[in-house]
Amino acid sequence: MMKVQLITEKGGEPRELEVPHGTPIGEICKWVQEDLPYIVVAAKADNRLVDLEYQVIRNCTIELVDISSQAGNLIYQYSLSFVFLKAVRDVLGNVECEIENAQNKGLYITLQMKGRPKEEQVRRIEARMWEMVVEDTPFLIRRIPRDEYLAWTREDGRDELTRLIEGAWEADEIFRYEIDGYKDMFYGLLTPSAGYLKIFELRKYRGGVLLRFPQTNSPDRIPPYRDEKKMFYAFEEQSEWDDILGIHYLADLNDAIAEGRERELIQLSEALHEKKVAEIADLIKKEHKRIVLIAGPSSSGKTTFARRLCIQLAVNGLRPMYMGTDDYFVEREDTPLDEKGEPDYENLSAIDIELFNDNMNALLGGEEVDMPTFNFLTGHKEFGKRLTRIDEDQLIVIEGIHALNERLTEFIPKDEKFKIYISPLTQLNIDAHNRISTTDERMLRRMVRDYLYRGHDAAETIRNWPKVRRGEDKNIFPFSGEADVLFNSYHVYEISVLRKYAYPLLRKIKRDQPEYTDAQRMLQFLAFFNPIENDSIIVNNSILREFIGGSVFVD
């Protein structure tokens, strides 16, 4: 018998079990099913991520991984995608699919067929998926030689996958999954079978379908549907930019770097960004807006974008005044507390909304305003240091976590306001069936910046990331639909730049640290990217400079 320390939820107390030698972790899950809050899709065995078919052959600590974590949610997505792709083959025949991006709390997928998929076809695909779930159709995993694997990718017409493996993967053997005769590859673990995928829905959406599933903040249900139209159009625009750049898959990016074309790629990508910023500035002038509000999730590049927008507004003859909302914190003793009794500075109630609105309206009315300066040492606002007035041809550019929340500016006339949501929306895919997670990309940005400028190591960034995500889910994402425009701050080349900084940071995380499994997952992902070693070719007003240093806007 093997002794197991079993942890059923993150931060929970371990329980001691004795299990027969060779017991699969999935079998152990069945014994404690009633104590599991969410769907378990994998486990950590002595802090190494393993699938549920992993057999216990020694005394160890096992922590179950459910879909409330980023790693677990990605496993659920991969597994659900696998079942979807198999269902498409069964219902429509040899129709190719492209898993484009994440939006509307799911995956947007296009089908390479004549015309758009019909509602009846979508319902048949969904029904076939549910058949596999109910039947608990097993996923088989095979480790095959590299040459055999490449022969399969060529035969299956997966050119982007063939080129990636030939150019970036040095392993002698590669894992491939099979379900009822259908074969595919995913860059992560899968559940043992389709029976684990009990929560999903399939919707006909625009030119393709939406495959929706639980999110990390709602792991027991599918979130309410809200058509994020601006998000869809932003991804469409990025696809057009990718056509201009000639980069659709990771193999295309790696080829460009290997051929020494990274300078041209970077310059073109930066020019597309600048053109978009100028278009937004033109729209603000055309609509005669005087309050510009900018918000987005962590590591979106809000500061750099706001500064570049101010320059383009000035080019249009406007004279923007740039400010944040931090000087409008309530007095420290009035700061709301979170569920742990600690000050919650991200709560909207931590802002003196009445004073903020009074000051902004007074400025718009041409009055001189005694704007506060918040003293973070004393925890109080100070006055008399910033007597401010703006002219009729000036506007105010405000960047802050709550900028899109109408409650922040509820006393300012709506026709004065222009709202901008900014986020890096990753359109580059590893291959047709494996996308690159926007969440992971943002974490890489933050990881590099945290290390270079805040004295935090990669483990601390990973450890704090769930708290960051909870704050975004509460304060930012629900209000993205309020925006007048969406700016995609993503650069197709950026992970190849970030790799040089992030890779050694992630490798420092040791096996006995809780962040080890996430670090290993990120290292495996980064290994596919050819690095861009010379980042001196990146201009100093690039959004990426906000994270790697050398920005003209950020000290």
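Residues numbered from 1 in each chain as written. Predicted model: local features only at pLDDT ≥ 70, side-chain atom pairs only at ≥ 80, totals over all residues. Heavy atoms only, no water.

A. Representation of the sheet that holds strand S20 (residues 417–423). Sheet architecture is open: five strands sit in the order S16-S19-S15-S20-S23, paired in parallel fashion. Among the strands making up the open sheet, the edge pair consists of strand S16 (319–324) and strand S23 (485–488). Going across the sheet, the axis of each strand differs from the next one's by a mean of 25°, ignoring polarity. Inspection of the sheet shows strand S15 (residues 291–295) paired to strand S19 (residues 394–399) by four bridges, in the parallel sense. Paired with Ile291 across the bridge in S19 is Ile396. (Pairing = 2+ DSSP bridges. Helix = DSSP H or I, 4+ residues; strand = E, 2+ residues; numbered from the N terminus. Axes fitted to C-alpha atoms, helices over the stretch in contact; angles between N-to-C directions.)

B. Highlighting the sheet that holds strand S12 (residues 182–184). A sheet is described by the order of its strands in space; here three strands give the open sequence S10-S11-S12, paired in antiparallel fashion. Here the strands that pair on one side only, and so sit at the sheet edges, are strand S10 (140–145) and S12. Strand-to-strand twist across the sheet, computed as the mean angle between neighbouring axes with direction ignored, equals 35°. In terms of strand pairing, strand S11 (residues 173–179) meets S12 through three bridges, oriented antiparallel. Each residue of the ladder has a partner; that of Tyr177, found in S12, is Asp184. Along the sheet, helix H2 (residues 70–92) contacts S11 and S12; its crossing angle with S12, the most-contacted strand, is approximately 140°. (Contact = heavy atoms within 4.5 Å.)

C. View of the pairing of strand S14 (residues 208–212). Burial analysis of S14 places five of its five residues in the buried class, the great majority of the element. Sheet analysis places strand S9 (residues 106–112) next to S14, joined by four bridges and oriented antiparallel. Paired with Ile109 across the bridge in S14 is Val209. Strand direction decides the pairing type here: strand S13 (residues 201–205) and S14, joined by five bridges, are antiparallel. Residue pairing in the sheet places Glu201 in a bridge with Arg212 of S14. Between S13 and S14, which pair antiparallel one after the other, the connecting turn spans two residues, and Arg206 there sits at a positive phi close to 50°. (Buried < 20%, exposed > 50% of the residue type's maximum accessible area, 1.4 Å probe, protein only.)

D. Local environment of helix H3 (residues 119–135). For H3, with 17 residues, the first-to-last C-alpha span of 24 Å sits near the 24 Å given by 1.5 Å per residue. What H3 keeps buried is the set Gln121, Val122, Ile125, Glu126, Arg128, Met129, Met132 and Val133. Viewed end-on, H3 has its buried residues packed into an arc of 155°, placing them on one side of the element. The outward face of H3, more than 90 degrees from its buried face, is lined by the exposed residues Val134 and Glu135. For H3, the elements touching its buried residues are H2, S9, S11, S13 and S14. Trailing H3 by a residue or two, Asp136 shows a phi angle of about 55°, which is positive. (Expected span 1.5 Å × (residues − 1). Arc of directions from axis to C-beta.)

E. Just the packing of H2 against H3, in detail. Remark: H2 packs on H3, axes separated minimally by 8 Å, with the N-to-C direction vectors making an angle of 120°. Taken together, the axes of H2 and H3 lie oblique to each other. Considering how the two elements wind past one another, H2 and H3 form a crossing that is right-handed. Between H2 and H3, the residues in contact are Leu80, Val83, Phe84, Lys86, Ala87, Val88, Asp90, Val91 and Leu92 and Gln121, Arg124, Ile125, Arg128, Met129 and Met132, respectively. A breakdown of the residues in the contact of H2 with H3 according to their chemical character gives 10 nonpolar, one polar and four charged. (Parallel < 35°, antiparallel > 145°, perpendicular 65-115°, else oblique. Left-handed = near helix turned anticlockwise from the far one by under 90°. Nonpolar A, V, L, I, M, F, W, Y, C, P; charged D, E, K, R; others polar.)

F. Examining the environment of Asn375 more closely. By the element assignment, Asn375 lies in strand S17 (residues 369–375). When the C-alpha positions of Asn375 and Asp327 are compared, they lie 8.1 Å apart, and in sequence the two are 48 residues distant. Those residues in contact with Asn375 that sit more than four places away from it in its chain are His380 and Glu382.

G. Geometry of a nonpolar patch on the surface. Side chains of Tyr451, Leu452 and Tyr453 sit close together on the surface and give an oily, nonpolar patch of about 290 Å² of accessible area. Looking at where Tyr453 falls in the secondary structure, it is placed in helix H11 (residues 438–454). On the basis of relative accessibility, which here comes to 45%, the residue Tyr453 falls in the partly exposed class. (Patch = residues over 30% accessible without salt bridge, like charges linked within 9 Å, V, L, I, M, F, W, Y side chains within 5 Å. Areas by Shrake-Rupley, 256 points an atom, 1.4 Å probe, with all protein chains shown as cover. Salt bridge = Lys/Arg side-chain N within 4 Å of Asp/Glu carboxyl O.)

H. View of the packing of H11 against helix H12 (residues 458–475). Orientation of H11 relative to H12, taken along the N-to-C sense of each, is 130°, at an axis distance of 10 Å. Comparing the axis directions of H11 and H12 gives the class oblique. For H11 against H12, the interelement crossing comes out right-handed. Mapping the contact onto sequence places Thr439, Arg442, Met443, Arg446, Met447 and Asp450 in H11 and Ala458, Thr461, Ile462, Trp465, Val468, Arg469 and Glu472 in H12. Classifying every residue of the contact of H11 with H12 gives six nonpolar, two polar and five charged.

I. Local environment of the pattern of salt bridges. Counted under the stated rule, the structure contains 52 salt bridges. The closest approach of N and O atoms between Lys385 and Glu382, which form a salt bridge, is 2.6 Å. Linking Asp450 and Arg446 is a salt bridge whose minimum nitrogen-to-oxygen distance equals 3.7 Å. One end of the pair is Asp450 and the other is Arg446, both in helix H11 and four residues apart, which spans about a single turn. Judged by relative accessible area, Arg446 falls into the buried class, the value being 17%. Taken together, the shared-partner salt bridges in this structure form one network comprising Lys86, Asp90, Arg128, Glu131 and Asp180.

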